[in-house]
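So you can see what is in the structure, the chains are spelled out below.
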Amino acid sequence: MVRFLKIRERFFRFVGRYEMYVMAAVRFVIAFAAFSLINSTTGYMKVLSDYPITLIFALLCSFLPAGLMVFLGAVLILFQFYALSPVLCLVTAMIFIILFCLYLRFSDRKALYAVLTPLLSAFGIPYVMPVASGFFGQPYAVISAICGEVAYFILKHVNASSALFTASGETGDASGSITLAVTEILTDQEMFIYLAAFAVAAVAVYCIQKLPVDYAHLASVAVGIVIQLIMIGGGEIFLGNTQALIRVLIGCVVSLAISFLIVLMTRSLDYSRAERVQFEDDEYYYYVKAVPKALVKPADRQVKHIHSKHSRGRKNQKGRRSQTDIGQRRPQETLEEQVMREFGERD
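These numbers were taken from a predicted model, which means no experiment stands behind them. Within every chain, residues take consecutive numbers counted from 1 along the sequence as written. Since the coordinates come from a predicted model, pLDDT governs what is reported: local features require at least 70, and pairs of side-chain atoms require 80 or more to be given and counted, while whole-chain, interface and lining totals use all residues. Hydrogens are left out, water is left out, and the side-chain values use all remaining heavy atoms of the structure.

Engineer: Explain the overall build of the protein chain here, please?
Structural biologist: Helix and strand assignments follow DSSP, with helices taken as H or I runs no shorter than four residues and strands as E runs no shorter than two, numbered in order from the N terminus. Across its full length, the protein chain holds 16 helices and 2 strands. Within the protein chain, the fraction of its 347 residues that count as buried is 36%. The contact criterion used is simple: two residues touch if any of their non-hydrogen atoms lie within 4.5 Å. A sequence separation of at least 24 residues applies to 69% of the contacts in the protein chain between residues at least 6 apart. When the accessible area of the protein chain is evaluated, it comes to approximately 21500 Å², of which 64% is carbon and sulfur surface. Partly exposed describes any residue whose relative accessible area lies between the buried limit of under 20% and the exposed limit of over 50%, with all areas from a 1.4 Å probe on protein chains only and scaled to the type maximum. Only the protein chains shown count as cover for residues, with accessible areas throughout obtained via the Shrake-Rupley method and a probe of 1.4 Å.

What follows is the structure, encoded as structure tokens:
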């Protein structure tokens with residue numbers, strides 16, 4: 001544990017020293033991965049699917065506010081859908097307007113949550129984001145994760161039904177395209193199960209981690225993951241997707257490990273040194289429990305300065321040692337050499 005705390009302190013010290021560059025690099029990587037996911041899932045407009053465009057968008061997002069990342073992602077999705085079906089683009093645009101209204105009103109400006117959720121969903125571990133929403137902010141911050149999950153399901157279903165949208169566009173059946181778009185996007189029961197599980201998990205994490213009990217923050221993370229496992233797993237069984245249970249179980253286990261790591265990196269407490277304090281004023285009597293954070297103090301490095309006086313002293317000692325060595329070697333000289341040397345020094 002001590003080694004982990006030392007690594008954590010070094011990590012935060014490095015991030016604090018180069019915060020501007022580290023955050024820019026993190027935003028660039030997230031934006032590049034998000035735009036690459038959109039283009040790889042859709043790819044209907046070849047001009048936007050090229051990597052130079054993705055690279056330029058990611059570079060813009062690395063130095064600008066994170067909200068721009070959400071806006072550019074939505075614009076990229078709409079242009080890709082327009083190349084597939086203008087009707088699909090119109091229906092998706094209306095859905096995005098509703099999501100943006102919810103995001104601006106309730107999300108507490110957690111733009112990265114909306115971008116990270118579809119990325120983690122592509123890897124099968126979106127269950128981290130509801131836990132993070134309830135742990136680091138208010139429960140309504142999960143709206144950002146919900147918006148990102150809706151965008152992921154839209155991309156998923158459009159990719160699976162792209163041939164149907166192409167056929168509807170070729171026949172010119174606008175009403176059929178609208179019906180197909182609404183059916184594929186708004187009637188997905190699996191999506192609503194995920195959204196409900198995200199909301200319940202975020203509220204549970206927020207409430208449990210506020211309880212005045214030991215290890216409440218770790219218990220809240222575990223409860224949040226278990227709630228998602230039960231609700232989503234039960235929903236998959238209800239829908240008849242039993243083959244998805246293994247995927248959900250593995251994703252929840254991995255998400256639990258990631259969530260524990262995040263908690264230990266941001267809120268590691270030492271309950272062995274907890275203190276309880278009681279005091280009163282004119283109106284109330286207070287019972288306070290103080291739990292110190294688990295910290296490791298940096299090593300106290302002392303630099304020893306060597307002054308010139310000490311250097312001269314060392315030089316004198318070195319000279320004396322050399323003379324002593326010479327004196328020790330003198331007995332090895334012959335008597336005639338010693339006499340000639342002494343007369344030479346007198347002259």
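Engineer: I tried to follow a nonpolar patch on the surface on my own but got confused; where do I start?
Structural biologist: Like charges within 9 Å and nonpolar side chains (Val, Leu, Ile, Met, Phe, Trp, Tyr) within 5 Å are joined into patches, using only residues over 30% in relative accessible area that form no salt bridge. We count a salt bridge whenever a side-chain nitrogen from Lys or Arg sits within 4 Å of a carboxyl oxygen from Asp or Glu. A surface patch of nonpolar side chains, amounting to about 490 Å² of accessible area, comprises Phe14, Tyr18, Met20 and Tyr21. One can find Phe14 in helix α1 (residues 2–17).

Engineer: Help me out: how do you make sense of the pattern of salt bridges in this one?
Structural biologist: Opposite charge on two side chains allows them to pair when their charged atoms are near. The full count for this structure, using the stated rule, is 1 salt bridge. In this structure, Glu190 and Lys156 form a salt bridge, with 4.0 Å as the shortest nitrogen-oxygen distance. Remark: Lys156 occurs in helix α9 (residues 142–160) and Glu190 occurs in helix α12 (residues 189–208); sequence separation between them is 34 residues. Residue classification places Glu190 among the buried residues on the basis of a relative accessible area of 13%.

Engineer: Would you take a moment to explain the packing of aromatic side chains for this structure?
Structural biologist: Two numbers describe a pair of aromatic rings. These are the distance of the centres and the angle of the planes. To pair, rings of Phe, Tyr and Trp, with the six-membered ring standing in for Trp, must have centres within 6.5 Å; the planes then decide the type, stacked if under 30 degrees apart, edge-to-face if over 60, and tilted in the middle. Applying the stated criterion across every chain, the model contains 11 aromatic pairs. Arranged with centres 5.8 Å apart and planes meeting at 75°, the rings of Phe35 and Phe57 form a pair that is edge-to-face. Taken as a pair, Phe35 in helix α2 (residues 19–41) and Phe57 in helix α4 (residues 51–63) lie far apart in primary sequence, 22 residues in all. Centre to centre, the rings of Tyr194 and Phe198 are 6.3 Å apart; their planes meet at 85°, and the pair counts as edge-to-face.

Engineer: Sorry if this is basic, but what is going on with helix α5 (residues 67–84) here?
Structural biologist: Every α-helical turn comprises 3.6 residues, leaving residues that sit three or four positions apart pointing alike. With 18 residues, α5 should reach 26 Å at 1.5 Å per residue; the first-to-last C-alpha distance of 26 Å fits that figure. Restricting attention to buried positions, one finds in α5 the residues Met69, Val70, Leu72, Gly73, Ala74, Leu76, Ile77, Gln80, Phe81 and Leu84. By definition here, a helix of n residues has an expected span of 1.5 Å times n minus one.

Engineer: What is the right way to read the packing of α4 against α5 from this model?
Structural biologist: Working note: a packed helix pair is described by the angle between its axes plus the distance between those axes. Put simply, α4 and α5 touch, their axes get as near as 9 Å, and they point 155° apart. Considering their axes alone, α4 and α5 lie roughly antiparallel with respect to each other. Taken together, the residues of α5 that come into contact with α4 (itself represented by Phe57, Leu60 and Cys61) are Leu68, Met69, Leu72 and Leu76. In this classification, the charged set is Asp, Glu, Lys and Arg, the nonpolar set is Ala, Val, Leu, Ile, Met, Phe, Trp, Tyr, Cys and Pro, and all remaining amino acids, among them Gly, are polar. Each residue belonging to the contact of α4 with α5 can be placed in one class, and the counts come to 7 nonpolar, no polar and no charged. Here an angle of 0 to 180 degrees is reported between the N-to-C directions of two axes, which are lines fitted to C-alpha atoms, with helices fitted over the stretch in contact. We call two directions roughly parallel when the angle between them is under 35 degrees, roughly antiparallel when it is over 145, roughly perpendicular when it lies between 65 and 115, and oblique otherwise.

Engineer: It is not clear to me how a negative patch on the surface should be interpreted in this structure. Could you clarify?
Structural biologist: By the counting scheme adopted, Arg and Lys are positive, Glu and Asp are negative, and His together with the chain ends is not counted. Working definition for charges: the position is that of NZ of Lys, CZ of Arg, CG of Asp or CD of Glu. A surface patch of negative charge is lined by Glu280, Asp281, Asp282 and Glu283. Examined against the element boundaries, Asp282 turns out to sit in the loop between β1 (275–280) and β2 (285–290). By relative accessible area, Asp282 is classed as exposed at 83%.

Engineer: Sorry if this is basic, but what is going on with a positive patch on the surface here?
Structural biologist: A cluster of basic side chains, namely Arg3, Lys6, Arg10, Arg13 and Arg17, defines a positive patch on the protein surface. When you line up the elements, Arg3 lands in helix α1. Here Arg3 falls in the exposed class, since its relative accessible area comes to 68%.

Engineer: Looking at this structure, I do not really get the nonpolar core. What am I missing?
Structural biologist: The nonpolar side chains of soluble globular proteins are, as a tendency, buried together. Residues belong to one nonpolar core when they are buried, are Ala, Val, Leu, Ile, Met, Phe, Trp, Tyr or Cys, and are joined through side-chain atoms within 4.5 Å. Counting residues in each nonpolar core, the largest one holds 61 residues, and the members touching the most others are Phe35, Phe81, Tyr127 and Ile154. When residues no more than four places from it in sequence are discounted, the contact partners of Phe81 are Thr42, Tyr44, Pro86, Leu88, Cys89, Thr92, Ile154, Leu155 and Val158.

Engineer: Mind showing me how you'd approach the side chain of Gln228 here?
Structural biologist: Among the secondary structure elements, Gln228 is positioned in helix α13 (residues 216–239). Those residues within four positions of Gln228 in sequence are excluded, and the remaining contacts are Tyr127, Pro130, Val131, Ala197, Phe198, Ala201 and Gly233.

Engineer: When you look at α1 in this model, what are you seeing that I'm missing?
Structural biologist: The terminal C-alpha atoms of α1, which comprises 16 residues, lie 23 Å apart, in line with the 22 Å expected from a rise of 1.5 Å per residue. Here α1 has its buried residues at Leu5, Arg8 and Val15. The arc that holds every buried residue of α1, seen down its axis, measures 90°, which confines them to one face. Exposed residues lying more than 90 degrees from the buried face of α1 are Val2, Arg3, Ile7, Arg10 and Arg17. Buried residues in α1 make contact with α2 and α14 (244–266). It is the directions from the helix axis to the C-beta atoms whose arc is reported.

Engineer: I'm lost on the confidence of the model for the protein chain in this one. Help?
Structural biologist: Detailed reading of the predicted coordinates is not advisable wherever pLDDT falls low. Residue-level confidence of the predictor is what pLDDT reports, using numbers from 0 through 100. Chain-level statistics for the protein chain give a pLDDT mean of 80 and a share of 79% at 70 or above. This model gives residues 322–331 a pLDDT under 50, and the stretch forms 3 contacts once residues within four places in sequence are excluded.

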